[in-house]
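Observations on chain architecture
Residues per chain, in single letters:
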Amino acid sequence: MFQAKARADTLKEVVNVVSTLVDEVKFSVTSEGLVLRAVDPAHIAMVDMSISKDAFEEFKADETEIGIDIDKLSQFLKLARGDDVIDLKHDEDKRRLNIVVGDITRRMSLIDTTGMSDPKVPNLELPAKLTVNVDDLVQGIKASETVSDHIALIATPESFEMTCEGDMDQVNWRKAKKDMESLETPSSVRSLFPLEYFSNMLKAVPSGSAVTMHLGNDYPVRVEFKIANGKGEVRYLLAPRIESGD
Amino acid sequence: MFQAKARADTLKEVVNVVSTLVDEVKFSVTSEGLVLRAVDPAHIAMVDMSISKDAFEEFKADETEIGIDIDKLSQFLKLARGDDVIDLKHDEDKRRLNIVVGDITRRMSLIDTTGMSDPKVPNLELPAKLTVNVDDLVQGIKASETVSDHIALIATPESFEMTCEGDMDQVNWRKAKKDMESLETPSSVRSLFPLEYFSNMLKAVPSGSAVTMHLGNDYPVRVEFKIANGKGEVRYLLAPRIESGD
Amino acid sequence: MFQAKARADTLKEVVNVVSTLVDEVKFSVTSEGLVLRAVDPAHIAMVDMSISKDAFEEFKADETEIGIDIDKLSQFLKLARGDDVIDLKHDEDKRRLNIVVGDITRRMSLIDTTGMSDPKVPNLELPAKLTVNVDDLVQGIKASETVSDHIALIATPESFEMTCEGDMDQVNWRKAKKDMESLETPSSVRSLFPLEYFSNMLKAVPSGSAVTMHLGNDYPVRVEFKIANGKGEVRYLLAPRIESGD
C-alpha cells in the first residue's frame, strides 16, 4: 500500500536526481519513506537516495516496490506549478500509479520490478572531504565544457580545484579553503572524471545549497546533498577515469 | 474597396484562429465587417469567423473578396507590439494588400480567390451545451498529449469530462457542473476527436475567456468563442472519429 | 606585453562587432589601446575598430599583436555577468591569453598572426551622410528578411529609405529628414546590399545608440558607431551588389 500527497516542487527535485542517470527506477517503499538505488546503464555512476515521509504533506504506506518510468512522471509534473499538491495512489490490482493534480488524473502503468537488481553501495575510504556552494561549482563546470570531456578534481590542504585540459586550452577553477564551508584532507588527492556525468549530478542539486564531496587519489567521488527542504538525502558515486599519464 | 486600421493584437487573434487550419484564406468583406469560412485540407475541421467593423479602429469597405497568405500576414504582425495600430489598404489595381506599421510598409500580393470554394456550415442538432474557462481545458489537453492522439469529450447531466486512453496509461480531466459556467444535456453523450485538431482550436481562444461547446453522441463538436474584445465571433466544427469498439 | 582589466559587457561589445564577420582576428596592441582590421572570407565586408585604453578599467601594454579565436572568447564571456571585471594577461612565452573571471581561469592558446594580412581601408568619397537610431533600422530589417536577400539603401534630400523587393512582395522602410538626427546629401543616391551582412552589422550596434551611414550611388556603405561607452569606434564597410537592371 502506498498513498501520499506531495508538493510538485518536491517531486520535481526527486525526478531531477534520477532522470539524467536512468529511465526506469524502482522505489522501495516503507512506512518511513522511499529509498531508491540505481546504477546507470554504463555502470559509471550510482545514485542512492532516501526521502523521509516528512517530505510529504501526507504519507501512508506498507512495505512495497513501485517501478516507475521517470520520463512519464517528469512530463506530468511539468503541468503542475511548484506549490500544487500532487496526489499519489498505488492501485495494486491494476498495477498502476494514479496521480492527480487539480482536475487531471493520470493512471500510469507501473514497470515490473522483479527483474530490477538492488545495487550494493560500495564501502569506500575517501580521505578528502569538502563542502562548497553548488552555484560556484556550476560556473566552473560550464567554463570547462568548452575545453574537454574530462575534469580533474583536486583537493589539497589549502584549496579545492577543478581542472580541465584540452588540446589547446586549459580551464582552472579554484577555491581557497578560507572561502569554502569546509575542507579537510590529510594530503593532496586528485581524480579525473567524465565531465558530463559530473555536470548532470550537480544539475540535480537545488540552487543555492551546499554540496559535500569525498575524494581520493584515482578513486571515485561521492557527492552528497539534501533535497526536499532537508527531508531527502542524495548520495551519488561516480567512477574515476584512470589517467594514462602519457 | 477595403481600408481599415486595427490594433495589432486584434489582427493577431484573427490570424491565430485560422493559421493552424489553413495556409491561404479568403476574407469576404462587406461594409459591416469581415467573414471567413474555411475547411482544412483533410476536411476534418471547419472555421466560421465573423469580425464586426467595430473591432477596427477605422473601417471603410464595399463588398469585395481578399485572398491572403496567412503565414505572411503572421510574420509581419510579429514585428508589431500589441498596441501598435496597423494600417490596411486594398490596392485593387495591383491586387495587393498594403500594410503599414510605424515606418514600415509591406506590399503583399493577394491570392486569387476565384478557385476558392465557399464551404457551407452544416446545420447540426447537438443536444449537449456547456461553457467552461479555456485555461482549465488547456491543462487537461496538455496532460493528454503525452498519452494518445485522440480525446473523448463526454457530457453528462453532472459533469464534463475529457478522457484520453493510451496503450499503457490513461488521462482523465473532469469538471463538475457546479464548477462550470453552464452545462445542459438531456442525457450522457460522448464523441471521440483527433487531439491535435482540438488542441489547436483551443490555442486560438484568448487566454482567460469562456468557450462554449455543443456535443452529441459520435457527432461533431461545435466550439464557440469570442475574439477582438467580443467584436468577433468564431465557430469551429470538428468531425468525430467513430470508435470501432474493439 | 599586454595586461588589462575590463568589464565583461565592454568585451562582449567588442566580440559582437567581429564575431559575425570573422572567426580569427588579430588585435594590434599599443600603449594607447587596441586596433582591429579584418575582412570577411568572401571579401564583401570590412571592419575597422579601435578601442581606447580608457575603455578598460586597467590597461598596460607595449606594442604587440594578439591572435584570438573569437568564438572561444565569446564562449568564455557568456559565463560572466555584464558588470563582472575580466582580467586579461598575455603570456608571451607560452603564447597564451590568460583570462580570469571570479574563480575561473582560462588559458587560451593564441593564433599565429604571422600569416594574417593587414587590410587597407580604402579611401572612398561617399556623398550622402545620415545619422539614425539603430533600433528603428532593426525593425525595418526584420520586416525585409521575409521578402528578399537584398536591401536597397536610398538617401534623398528629404528622406532615408530601405527597400526590399521580393518576387511577390515588397517591404519599404522610410524616415523623413525631420525625424532623423541628421541627413545631408547633394542628390539622391541608391545602392543595393546583401541583407544578411547589413543585418549582422547592425546587430553589433548597442541598442539605443545612433549609427551614421555614408552612402553613394552603387557604392559601398560605411557604417559608423561607438561602443564601450564612446571609448571605442567601429567602422564597417560593405560592398554593394550592382543591380543588373533587368
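Residues numbered from 1 in each chain as written. Chains lettered and ligands numbered in written order. Predicted model: local features only at pLDDT ≥ 70, side-chain atom pairs only at ≥ 80, totals over all residues. Heavy atoms only, no water.

1. Brief notes about unusual backbone geometry
Positioned with a positive phi, Ala228(B) is a non-glycine residue whose angle comes to about 50°. Residues other than glycine seldom take positive phi values, yet Arg95(C) does so here, at roughly 50°. Topologically, Arg95(C) is positioned in the loop between β7 (85-91) and β8 (96-101). (Helix = DSSP H or I, 4+ residues; strand = E, 2+ residues; numbered from the N terminus.)

2. Regarding the pattern of salt bridges
The final tally for this structure, using the stated rule, is 53 salt bridges over all chains. A salt bridge links Asp118(A) to Lys26(A), with the nearest nitrogen and oxygen atoms 3.2 Å apart. Placement of the pair is Asp118(A) in the loop between β9 (104-109) and β10 (128-133) and Lys26(A) in strand β2 (residues 24-30), with a sequence separation of 92 residues. The exposed category is assigned to Asp118(A), whose relative accessible area is 51%. Of the charged contacts in the structure, one is a salt bridge between Arg95(B) and Asp112(B), with a shortest N-O distance of 4.0 Å. One end of the pair, Arg95(B), is in the loop between β7 (85-91) and β8 (96-101); the other, Asp112(B), is in the loop between β9 (104-109) and β10 (128-133), with 17 residues separating them in the sequence. Through salt bridges with shared partners, a single network forms among Arg37(A), Asp48(A), Lys226(A), Glu233(A) and Arg235(A). (Salt bridge = Lys/Arg side-chain N within 4 Å of Asp/Glu carboxyl O. Buried < 20%, exposed > 50% of the residue type's maximum accessible area, 1.4 Å probe, protein only.)

3. Topic: the packing of helix α1 (residues 8-19) of chain B against helix α2 (residues 70-78) of chain B
Residue and element names in this part refer to chain B. Close contact between α1 and α2 brings their axes to 10 Å; oriented N to C, the two are set at 145°. Relative to α2, the crossing made by α1 is left-handed. Across the interface between the two elements, Leu 11, Lys 12, Val 15, Val 18 and Ser 19 from α1 touch Ile 70, Leu 73, Ser 74 and Leu 77 from α2. For the contact of α1 with α2, the per-class residue count stands at six nonpolar, two polar and one charged. (Axes fitted to C-alpha atoms, helices over the stretch in contact; angles between N-to-C directions. Left-handed = near helix turned anticlockwise from the far one by under 90°. Contact = heavy atoms within 4.5 Å. Nonpolar A, V, L, I, M, F, W, Y, C, P; charged D, E, K, R; others polar.)

4. Focus: the packing of aromatic side chains
A full pass over the atoms with the stated rule returns 12 aromatic pairs over all chains. Between Phe2(B) and Phe59(B) the ring centres are 5.8 Å apart and the planes differ by 65°, which places this aromatic pair in the edge-to-face class. One end of the pair, Phe2(B), is in strand β1 (residues 2-7); the other, Phe59(B), is in strand β5 (residues 58-61), with 57 residues separating them in the sequence. No difference in accessibility class separates Phe2(B) from Phe59(B), as the two residues are buried. With a centroid separation of 5.8 Å and an interplanar angle of 45°, the aromatic rings of Phe225(C) and Tyr236(C) are classed as tilted. Taken together, the residues span a long stretch of sequence, with Phe225(C) in strand β17 (residues 221-227) and Tyr236(C) in strand β18 (residues 232-238) at a distance of 11 residues. Side by side, Phe225(C) and Tyr236(C) carry an identical accessibility label, which is buried. An aromatic cluster of three or more residues is present, and its members are Phe2(A), Phe56(A) and Phe59(A). (Phe/Tyr/Trp six-rings, centres within 6.5 Å; stacked < 30°, edge-to-face > 60°.)

5. Some points on the relation of the copies chain A and chain C
Mapping chain A onto chain C calls for a screw motion: a turn of 120° about the axis and a shift of 0.1 Å along it, with 0.1 Å RMSD after fitting. The superposition of one copy onto the other is thereby described by a three-fold rotation axis. Minimal C-alpha distance to the rotation axis in chain A is attained by Lys78(A), lying at 16 Å. (Least-squares fit on C-alpha atoms with pLDDT ≥ 70 in both.)

6. Regarding the interface of chain B and chain C
Counting from both sides, the interface comprises 11 residues of chain B and, opposite them, 15 residues of chain C. Each partner contributes to the roughly 1200 Å² buried at the junction of chain B and chain C, and carbon and sulfur atoms together form 41% of this total. Taken as a group, Leu79(B), Asp103(B) and Arg107(B) account for 46% of the area that chain B buries against chain C, more than any other trio of residues on that side. Counting every contact that joins chain B to chain C gives three salt bridges. The residue Asp169(C) makes a salt bridge to Lys72(B) at a minimum N-O spacing of 3.0 Å. Across the chain B-chain C interface, the total number found is 10 residue pairs in polar contact (both at pLDDT 80 or more). Those elements that provide at least two residues to the side of chain B that touches chain C are α2 and β9 of chain B. The element contributing the most residues to the side of chain B that touches chain C is β9(B), with six residues. Bridge analysis of β9(B) against strand β13 (residues 170-176) of chain C gives four bridges, and the strand direction is antiparallel. Note that in β13(C) the partner of Ile104(B) across the bridge is Trp173(C). (Buried area = accessible area lost by both parts, 1.4 Å probe. Polar contact = N/O pair within 3.5 Å; in protein donor to acceptor, adjacent residues only side chain to side chain. Pairing = 2+ DSSP bridges.)

7. Some points on the packing of helix α3 (residues 134-144) of chain A against helix α4 (residues 195-203) of chain A
All names here are of chain A. With their axes 10 Å apart at the nearest point, α3 and α4 run at an angle of 150° to one another. As the angle between them shows, α3 and α4 are arranged roughly antiparallel. Crossing geometry of α3 relative to α4 is assigned as left-handed. Touching Val 134, Leu 137, Val 138, Ile 141 and Ser 144 of α3 are Leu 195, Phe 198, Ser 199 and Leu 202, all from α4. Each residue belonging to the contact of α3 with α4 can be placed in one class, and the counts come to seven nonpolar, two polar and no charged. (Parallel < 35°, antiparallel > 145°, perpendicular 65-115°, else oblique.)

8. Comments concerning the confidence of the model for chain A
Counting all residues, the mean pLDDT for chain A is 95, and 98% of those residues have values of 70 or more. Both scores are given for the predicted complex: the pTM is 0.90, the ipTM 0.88. (pLDDT = per-residue confidence, 0-100.)

9. Digging into the sheet that holds β2(A)
Residues and elements named next belong to chain A. Taken in spatial order, the nine strands of this open sheet run β6-β2-β3-β4-β18-β17-β16-β10-β14, and their pairing is antiparallel. Only two strands of the sheet have a single partner each, and these edge strands are β6 (64-69) and β14 (182-184). The sheet shows a mean angle of 20° between the axes of neighbouring strands, taken without regard to direction. In this sheet, strand β16 (residues 210-215) lies alongside β10 in antiparallel orientation, the contact comprising six bridges. Counterpart to Leu 130 in the pairing with β16 is Met 213. Strands β2, β3 (33-39), β4 (45-52), β17 (221-227) and β18 (232-238) of the sheet are contacted by helix α1 (residues 8-19), whose axis makes an angle of about 165° with β4. Contacts from α3 reach β10 and β16 within the one sheet, and its direction differs from that of β10 by about 95°.

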